[in-house]
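# Structural characterization, general
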Amino acid sequence: MRVCIIAEGCYPYVVGGVSSWIHNLIRSFPNQEFVILSIVADRSWRGKFVYELPDNVTEVHELYLEDSDWKKKKSWRKKRMNKKEYHALQSLLLNRQVEWEVLFDFFQKKDPSISGLLMGEDFLNAVTEYYNLYYSQIVFSDFLWTMRSIYLPLFLALKMKTPKADLYHCVSTGYAGVLGSMAKHMHKGQLLVSEHGIYTREREEELIKSKWIQGIYKNIWIDQFRKMSKLAYTDAGLVTSLYVHARELQIELGCPPEKAVITPNGVSVQDFQDIPGKQEEDKGKINIGAVLRISPIKDVKTMLQAFGFAKEREPSLRLWVMGPWEEDKAYAQECFELVDTMGLQDVIFTGKINVKDYLGRMDMTLLTSISEGQPLSILESFAASVPVIATDVGNCKGLVFGDRDDYGSAGIITHIMNVEEITKAILTLAHDEAMRRQMGRIGFQRVEANYQTRQMKKTYRDIYRGFSEQMGLVWEDEYME
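How each quantity is defined
Residues numbered from 1 in each chain as written. Predicted model: local features only at pLDDT ≥ 70, side-chain atom pairs only at ≥ 80, totals over all residues. Heavy atoms only, no water. Pairing = 2+ DSSP bridges. Helix = DSSP H or I, 4+ residues; strand = E, 2+ residues; numbered from the N terminus. Axes fitted to C-alpha atoms, helices over the stretch in contact; angles between N-to-C directions. Salt bridge = Lys/Arg side-chain N within 4 Å of Asp/Glu carboxyl O. Phe/Tyr/Trp six-rings, centres within 6.5 Å; stacked < 30°, edge-to-face > 60°. Buried < 20%, exposed > 50% of the residue type's maximum accessible area, 1.4 Å probe, protein only. Contact = heavy atoms within 4.5 Å. Core = buried A, V, L, I, M, F, W, Y, C linked by side-chain atoms within 4.5 Å. Parallel < 35°, antiparallel > 145°, perpendicular 65-115°, else oblique. Left-handed = near helix turned anticlockwise from the far one by under 90°. Nonpolar A, V, L, I, M, F, W, Y, C, P; charged D, E, K, R; others polar.

### Some details on the sheet that holds strand E5 (residues 190–194)
- The 7 strands lie next to each other as E3-E2-E1-E4-E5-E6-E7, forming an open sheet whose pairing is parallel. Across the chains shown, the open sheet's two edge strands, defined by having one partner strand only, are strand E3 (57–64) and strand E7 (260–262). In this sheet, adjacent strand axes meet at a mean angle of 20 degrees when their direction is disregarded.
- Note that strand E1 (residues 2–8) and strand E4 (residues 167–170) share 4 bridges and pair parallel. Along E4, the bridge assignment pairs isoleucine 6 with cysteine 170.

Printed below as a string of C-alpha cells:
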C-alpha cells in the first residue's frame, strides 16, 4: 500500500512533537512505501529538511501557500467559469453546502491562473454578492482585497498536483485536509485524518489574539478554516484524536461521531531507563527542564518571568531551555533579551539536543504553552520519572492528573500566562523532594500503563491494515519496535 502523509508546517522541516510522531510512524512500517506532501510558507523552505528521511520515503512534494502564479495572467483574464463552476465558487464564498468536487475538477482539469481568477470578473461578482448580503456597512475595496488574500492560499492548494497513493493520511485538517480530500477525489484513494491539536480551534485562538486582522475579518477567516475542516471530516473514512475532549471538539466542528476515534500518543519507556543522571555540576542545584521549540505558542516569556521570581526566593534553581530557536528567530531574540533585561542567572539555552542526554538530570520539567494537544514532552518526562508543571491546555491536565487511571497526580497544573501560579508551582516542587519523587513515580506508572509507543504503533497498524483490506490490498508489515 502506498501512503501519502500530508502535513502542514512541520515534517520534515521543523523539529517538534508532530514531526517526531510522523517520523516514527513511517519508520515503524519499513515495508510500506510513503510519500510526503508537505505544506510550507514559501519557496525559501524548499528542501531544507531537518530530518533524515527513512529509506521507505520515495518522494517529497511541497506546496507553498505564499507563492507566485507561474501561468501567464493575461491569457486567462478573458476566460470565464461556466454556470456550474460559478455556482460552486458562490457556494464556497457564501459557505452554502460547498460544491467541493466541482471546484476540484475546475482547478485540476482547467488549470486556471490564480491571479487571473482572483482579479477576474467571476471572483468579483461572487465577492460582491457576499458583501451585499452580509458586510455592506464596510469599505468594499478593503473587503475585496481581504477576500483575495484569504482565497489565495486555498486556490494554490486546489491547483496542487497531488501524488497518486492508496491512502492519504492528513496530520491535520485545514489545507492538509483540503489536499487529502482533493487527492481522494482525483485518484480514488482513501482518506485518514489524524489531529494532534484541533486545527480549527488553534487557528481561531491565533486569529482572536492577532493584531494584523481586525473586526469582522477575523470571523471570515475563522469561517474559512471551519469549512475546510468540515470537508476533511466529511470525506475521511476515519478521524483520530489524542484524547476525549479533542474528539468532542471534532464532533462539534462537524465530524460524524461514528468516524471519530481516540488514539493516544506514546513513547518508548525503555529508551529512558538508562539515561545519564545528575552530574558533578548539578550538586546543590535544582534543575528545571523545558523541552520545547522557542516560539510564541510555547510562551517562553512567561516561563522566564516565573523562573526569575522563583529564583529570587530559591537561588539553587537552574532552568534548561532545551530545543531549537530557528523557527522564529525574532521571538527567540526577544527571549534572550528578556533574560538579559531581568538579569537572570542560571538560564541555559541548549539549542537542539537529544532529550535523553539531559532529562535524567532534571528535578522537574515545565511547559507554559498557550496551546497544546497531548505533549510528547510530558510523556517523556514521565518515562524518566520526572514530575511536570504544565498549563491547562490540550490534554495536559488529563496526563498530569490521570484521565485513564487513578494513580494520582504526577505534577501541577496552572492557568496559561499566570506568572504567579507558575512561580508558586516551581517553588512547591523545589522545596519538597519527597513530593517530586512521588509524582515522578506516578508519572512513570501512568506512561507505562497507558502511553507506550508499542500501543500507538499497534493501533495504526490496525488502522492501516483496515484501509488496505477495504481496497483489496495486502498489508504485510508488522510494526517495528
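Here the narrative resumes, following the displayed structure.
### Let's talk about the pattern of salt bridges
- Under the defined criterion, the tally for this structure stands at 29 salt bridges.
- The salt bridge involving arginine 201 is made with glutamate 204; its shortest N-O contact spans 3.5 Å. On the criterion of helical spacing, the pair formed by arginine 201 and glutamate 204 is a turn pair, its members being 3 residues apart in helix H9 (residues 199–209).
- Glutamate 204 serves as the salt-bridge partner of arginine 226, at 3.0 Å between the closest nitrogen and oxygen. One end of the pair, arginine 226, is in helix H10 (residues 216–235); the other, glutamate 204, is in helix H9, with 22 residues separating them in the sequence.
- Three or more residues joined by partner-sharing salt bridges are found here, namely Arg201, Glu204, Arg226 and Glu252.

### Focus: the packing of aromatic side chains
- Summed over all chains, the structure comprises 28 aromatic pairs.
- With 4.9 Å between their ring centres and 75 degrees between their planes, tyrosine 131 and phenylalanine 140 make a pair best called edge-to-face.
- Residue classification places tyrosine 131 among the buried positions, given a relative accessible area of 10%.
- The partly exposed category is assigned to phenylalanine 140, whose relative accessible area is 26%.
- On the numbers, 5.6 Å between centres and 55 degrees between planes, the contact of tyrosine 464 with tryptophan 475 is tilted. Of this pair, tyrosine 464 sits in helix H18 (residues 453–470) while tryptophan 475 sits in the segment after H18, and the two are 11 residues apart along the sequence.

### Quick notes on the sheet that holds strand E8 (residues 286–291)
- If you trace the 6 strands from one edge of the open sheet to the other, you get E10-E9-E8-E11-E12-E13, paired in parallel fashion. Either end of the sheet is taken by a strand with one partner, and the two such strands are strand E10 (347–351) and strand E13 (411–414). Sheet twist, expressed as the mean angle between neighbouring strand axes with direction ignored, is 20 degrees.
- Of the strand pairs in this sheet, E8 and strand E9 (residues 317–322) are connected by 6 bridges, and their pairing is parallel. The partner of isoleucine 286 across the bridge, within E9, is leucine 317.
- Where helix H12 (residues 300–313) meets the sheet, it contacts E8, E9, E10 and strand E11 (364–367), and its direction lies at approximately 165 degrees from that of E9.

### Topic: the nonpolar core
- With 74 residues, the main nonpolar core has Leu93, Met147, Tyr151, Phe155 and Tyr175 as its most contacted residues.
- A total of 10 residues in this core trace back to one element, the largest contributor, which is helix H7 (residues 140–159).
- Setting aside residues up to four positions removed in sequence, leucine 93 forms contacts with Phe123, Ala126, Val127, Tyr130, Met147, Tyr151 and Lys227.

### Thoughts on the packing of H12 against helix H13 (residues 329–342)
- Where H12 contacts H13, the axes come no closer than 10 Å and their chain directions differ by 15 degrees. With respect to H13, the axis of H12 lies roughly parallel. In this structure, H12 meets H13 at a crossing whose hand is right-handed. Along its contact with H12, which presents Val300, Lys301, Leu304, Gln305 and Gly308, the element H13 presents Tyr331, Glu334, Cys335, Leu338, Val339 and Met342.
- Here the residues of the contact of H12 with H13 sort into 7 nonpolar, 2 polar and 2 charged.

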